[in-house]
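Chain residues, written in single-letter form:
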Amino acid sequence: MTAISPPRKRFGITLGLVAWFGLIGLLLLIGLVSAFFVLRDGLVITNLSDSVPWGLWITIDLSSIALGAGAFTLSAMVYIFGLKHFRPLVRLAVFVGVIGYTSALLTLVMDIGRPDRFWHPWVYWNVHSVLWEITWCITLYLTILLVEFTPVIVETPLFDRWPRLRRLGHSIHRVAPALAVAGLLVSLLHQSSLGATYGIIKARPIWFKPSMPIMFIISAVAVGPAATMAVALIIEWVTGRKTVDHSLLRTIARFSGLALLIYTYIKFWDLAAVSYYAHSPGAERAFEILSKHTPYSFGFWVGEVFIGLVVPVVLFLVPRFNRNPLALVGGALAASLGIVINRWNVTVSGLVVPQDYFPGSGYQLAPGSYTPSLAEWGVALGVIGYILFAFTLAVHFLPLFPKGVD
Amino acid sequence: MSRKRKRVQVRLNRRDFAKIAGTAAGSAVAAYLVTTGPFSPFGSLKRKQISPEEQETIARGELRWGMVINLDKCIGCEYCLRACSAVNDVAPDKPWNIVMEDRTRTGRRYFFSRPCLHCQHAPCVDVCPVQATYVREDGIVIMDYERCIGCRYCEVACPYDARKFNWEARKDENPYVPTWGTPEVERRPRGVVEKCTFCAHRIDKGLEKGLVPGRDWEATPACVNICPVDARVFGNLNDPNSQVSRLIASNSTVRLREDLGTEPSVYYIMPREQELSS
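Enquirer: Teacher, can you tell me more about the overall build of chain B here?
Expert: Along chain B, the regular secondary structure elements total eight helices and ten strands. Expressed as a percentage of its 278 residues, the buried residues of chain B come to 44%. The long-range share in chain B, meaning contacts at least 24 apart out of those at least 6 apart in sequence, stands at 63%.

Right, here's the structure in full:
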């Protein structure tokens, strides 16, 4: 096994590059300052409340984990289902996964009231809690991703000095199928459990349904690979070097389009059963409150359905569009935005509807309200800065696209 | 796999221990002298002896604490809220006990109040990723403030809105102290969720002293003690002779959102409906 290191490259200082790093620096600075204030003053500086205790940050967690789902989907395709021609994209998918999961963990640490106790789920187990299971799966899966990514790291010139370490790193190839199986299992578990986090809460009628975990996992499987595909195209545009065969990216787009159609199908029946036919007093009241106090319907039909489903399905599946890389990136962006809007809608809408437990008929709790505070947006911008920074460095220093045999 | 843990962990250093032990010993002596001792002016308030059966029940661990709230009696004075907030040092804007004006289906005005319902199938307990909240063997749903990571999933899962998060380190002065009582437990730190404990600290200490919670005021939740119209009654649901069991047997009672299967330990006697006469 001989790995040929790519020649050392240097950043040519250009105005564009300075501006780019300026932007990243600014985002990171905003994020750090916001994080400092959150840690110093506590979550009181967020706009979260006892009636809406989860908000923008949870949306970021859920979205970035869904967008990182390309890693397990493509690994499974290549190493379990033997679709070897997807192999050139696996490294990038794993990298996108690493970024997605680390972003989620970063945001999660900001979101919990006691960041100093972040390790408690590993020591104090509650096997009945989906959130416990999610914490375990996410950390396990991040470990799997990092192991899967080791061969890429050891190819960097840094390891020219330690050929033995490099060989050790490359030996991971031999266990790649095992890692893919483990990754698939763990991912299937937590991607759906994230939906179950809402789906098992019986007190909230618009959450409590078995379709919740299914919709979460299928949307993640649909959007994750599309996100990876879009990243590949964007890297190609930025660096001007061909990354992956375009016909491969087109196949990914078709796959995502079909998965989105399956997602639409389940979403349709979910809508029919829960919102249209059920007429259960709880759900009916909840939708009434939502349409009265929030732009829920607009967010659902325009954000989730039109932007998140119709646009990407058309761009991914109609041959006239999916031959055009620009349309593929546009479709992936629309689908990703749709996922973010969906995760926001699920989280915030379910919480805005007040609980109804009063024995009488006169009193009802007021609907909750929530718009993220400056500090919350600040942390969100910081996470975006981190994502951009990581990608910039990776594109420059890491062999994300294997040449020849991997 | 035991989901129910009996012990509540409290960390003390030697000085705190000495202080608390001293105070406790002092108060015990004082309480003894004042209530049952030779100088007691309250002859009639003398605590009753525990019957042999009761002693056996307690020894066997057949305890399940519960409460009956008679909404027909409640006058909406909010004394329960105030005494609770003083004794448990609760933030004034996030009371553990709430009192609301409500109406029956026929429009009769009444007052609804709610502590934590101490569900036996508590949704908050199921969802906690670190078992920081659990159902004790005696049925009380309690928090381990040393373990909570502040994810707030329990708050999201509780159907009754009975949990509150400490969004900031509290520096407020408790407006209910000392008029309505003095704090008997520590303030909760920033970043953890807190909730009503049925005044578990009183129950635990009381049982050690051989008192009967629900009957002896020292061992009874503050909200029950202070109620001026006896709308709240506390006791052992597993003991058929306790006042709560007898009230439940002789009245029609409801529990909140019984359709959810949470098995709350708080029973409500509903207010009478309006007379339909002219």
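Enquirer: Which parts of the structure should I look at to understand the overall build of chain A?
Expert: Assigned secondary structure in chain A consists of 15 helices and zero strands. Against the 2.2 N^0.38 benchmark of 22 Å for 406 residues, chain A shows a C-alpha radius of gyration of 22 Å, consistent with a compact globule. Across its three principal directions, the C-alpha atoms of chain A cover 75 × 50 × 45 Å. For chain A, buried positions account for 45% of its 406 residues. Taking the intrachain contacts of chain A between residues at least 6 apart in sequence as the baseline, contacts between residues at least 24 apart amount to 77%.

Enquirer: Honestly, the environment of E258 of chain B in this entry has me stumped. Any pointers?
Expert: Residues and elements named next belong to chain B. Tracing the backbone through its elements, the reader meets E258 in the loop between β9 (253-254) and β10 (266-269). For E258, a count of 10 C-beta atoms within 10 Å translates into the label exposed. Separated by 145 residues in the primary sequence, E258 and S113 place their C-alpha atoms 17 Å from one another.

Enquirer: Looking at this structure, I do not really get helix α14 (residues 325-352) of chain A. What am I missing?
Expert: With 28 residues, α14 of chain A should reach 40 Å at 1.5 Å per residue; the first-to-last C-alpha distance of 40 Å fits that figure. A large share of α14 of chain A lies buried, amounting to 20 of its 28 residues.

Enquirer: When you look at the interface of chain A and chain B in this model, what are you seeing that I'm missing?
Expert: Interfaces are often sized by the accessible area lost when the parts come together. With 34 residues of chain A at the contact, the number on the chain B side is 42 residues. For the side of chain A that touches chain B, the elements supplying multiple residues, two or more each, are α5 (120-123) and α6 (130-154) of chain A. With three residues, the single largest contributor to the side of chain A that touches chain B is α6 of chain A.

Enquirer: What should I look at first to understand unusual backbone geometry in this one?
Expert: Comment: phi is negative for the bulk of residues other than glycine, and the bulk of peptide bonds are trans. Residues and elements named next belong to chain B. A cis amide bond, omega 5°, links V177 with the succeeding residue P178. Positionally, P178 belongs in the loop between β6 (163-165) and β7 (193-195). Despite not being glycine, H118 has its phi angle at roughly 50°, a positive value. In this fold, H118 is placed in the loop between β3 (109-114) and α4 (123-127). Phi at D161 is positive, roughly 60°, even though this residue is not glycine. In this fold, D161 is placed in the loop between α5 (153-157) and β6. For D161, a count of 17 C-beta atoms within 10 Å gives the class partly exposed.

Enquirer: Would you mind showing me how to read the packing of helix α10 (residues 246-277) of chain A against helix α12 (residues 296-317) of chain A here?
Expert: Each pair of packed helices can be summarised by the angle the axes make with each other and by the distance between the axes. Residues and elements named next belong to chain A. The geometry of α10 relative to α12 is characterised by a closest axis approach of 8 Å and an angle of 145° between their N-to-C directions. Considering only the axes of α10 and α12, their crossing is left-handed. The residues of α12 that touch α10, namely those facing A253, R254, S256, G257, L260, L261 and T264, are L309, P312, V313, F316 and L317. Of the residues that constitute the contact of α10 with α12, the class distribution is eight nonpolar, three polar and one charged.

Enquirer: When you look at the sheet that holds β9 of chain B in this model, what are you seeing that I'm missing?
Expert: The pairing of strands in a sheet comes from backbone hydrogen bonds and takes either a parallel or an antiparallel form. Residue and element names in this part refer to chain B. Strand order in the open sheet made by the four strands is β8-β1-β10-β9, with mixed pairing throughout. The open sheet has two edge strands with one neighbour each: β8 (232-236) and β9. Bridge count for strand β1 (residues 65-70) against β8 is five bridges, and the pairing is antiparallel. Looking across to β8, one finds that G66 is bridged to G235. Docked against the sheet, helix α8 (residues 243-250) engages β1, β8, β9 and β10, running at close to 115° with respect to β8.

Enquirer: Can you walk me through the packing of helix α2 (residues 56-67) of chain A against helix α15 (residues 374-397) of chain A in this structure?
Expert: Residue and element names in this part refer to chain A. Here α2 crosses α15 at 25°, and the two axes come no closer than 9 Å. In terms of axis orientation, α2 runs roughly parallel to α15. Across from L56, W57 and I60 in α2, the residues of α15 making contact are E376, V379, A380 and V383. Class assignment for the residues of the contact of α2 with α15 results in six nonpolar, no polar and one charged.

Enquirer: Which parts of the structure should I look at to understand the nonpolar core?
Expert: Generally speaking, nonpolar side chains in soluble globular proteins are found buried as a group. Ranked by size, the top nonpolar core spans 180 residues in total, and within it V223, A226 and M229 of chain A together with A83, C84 and A157 of chain B carry the most contacts. When residues in this core are grouped by element, the largest group, 14 residues, is from helix α9 (residues 211-239) of chain A. Leaving out residues up to four positions away in the same chain, A83 of chain B has contacts with W180, G181, A222, C223, N225 and I226 of chain B.

Enquirer: Whenever I open this one, the confidence of the model for chain B confuses me. Can you help?
Expert: If pLDDT is low for a region, its predicted coordinates should not be looked at in detail. Residues and elements named next belong to chain B. Mean pLDDT for chain B: 87, with 83% of residues reaching 70 or above. When the criterion is pLDDT under 50, residues 41-49 qualifies, and its contacts beyond four places in sequence or with other chains add up to seven contacts. Two summary scores accompany this predicted model of the complex, namely pTM at 0.87 and ipTM at 0.92.

Enquirer: So what exactly am I meant to see when it comes to the pairing of β3 of chain B here?
Expert: The side chains of a regular strand alternate between both faces of the sheet. Residue and element names in this part refer to chain B. Sheet analysis places strand β2 (residues 98-103) next to β3, joined by six bridges and oriented antiparallel. Considered in β3, the bridge of D102 is made with Y110. Joining the antiparallel neighbours β2 and β3 is a turn of five residues, in which G107 adopts a positive phi near 95°.

Parameters and conventions
- Residues numbered from 1 in each chain as written.
- Chains lettered and ligands numbered in written order.
- Predicted model: local features only at pLDDT ≥ 70, side-chain atom pairs only at ≥ 80, totals over all residues.
- Helix = DSSP H or I, 4+ residues; strand = E, 2+ residues; numbered from the N terminus.
- Buried ≥ 20, exposed ≤ 12 C-beta atoms within 10 Å, placed from the backbone.
- Contact = placed C-beta atoms within 7 Å.
- Rg over C-alpha atoms; globule rule 2.2 N^0.38 Å.
- Expected span 1.5 Å × (residues − 1).
- Axes fitted to C-alpha atoms, helices over the stretch in contact; angles between N-to-C directions.
- Left-handed = near helix turned anticlockwise from the far one by under 90°.
- Nonpolar A, V, L, I, M, F, W, Y, C, P; charged D, E, K, R; others polar.
- Pairing = 2+ DSSP bridges.
- Parallel < 35°, antiparallel > 145°, perpendicular 65-115°, else oblique.
- Core = buried A, V, L, I, M, F, W, Y, C linked by C-beta atoms within 7 Å.
- pLDDT = per-residue confidence, 0-100.

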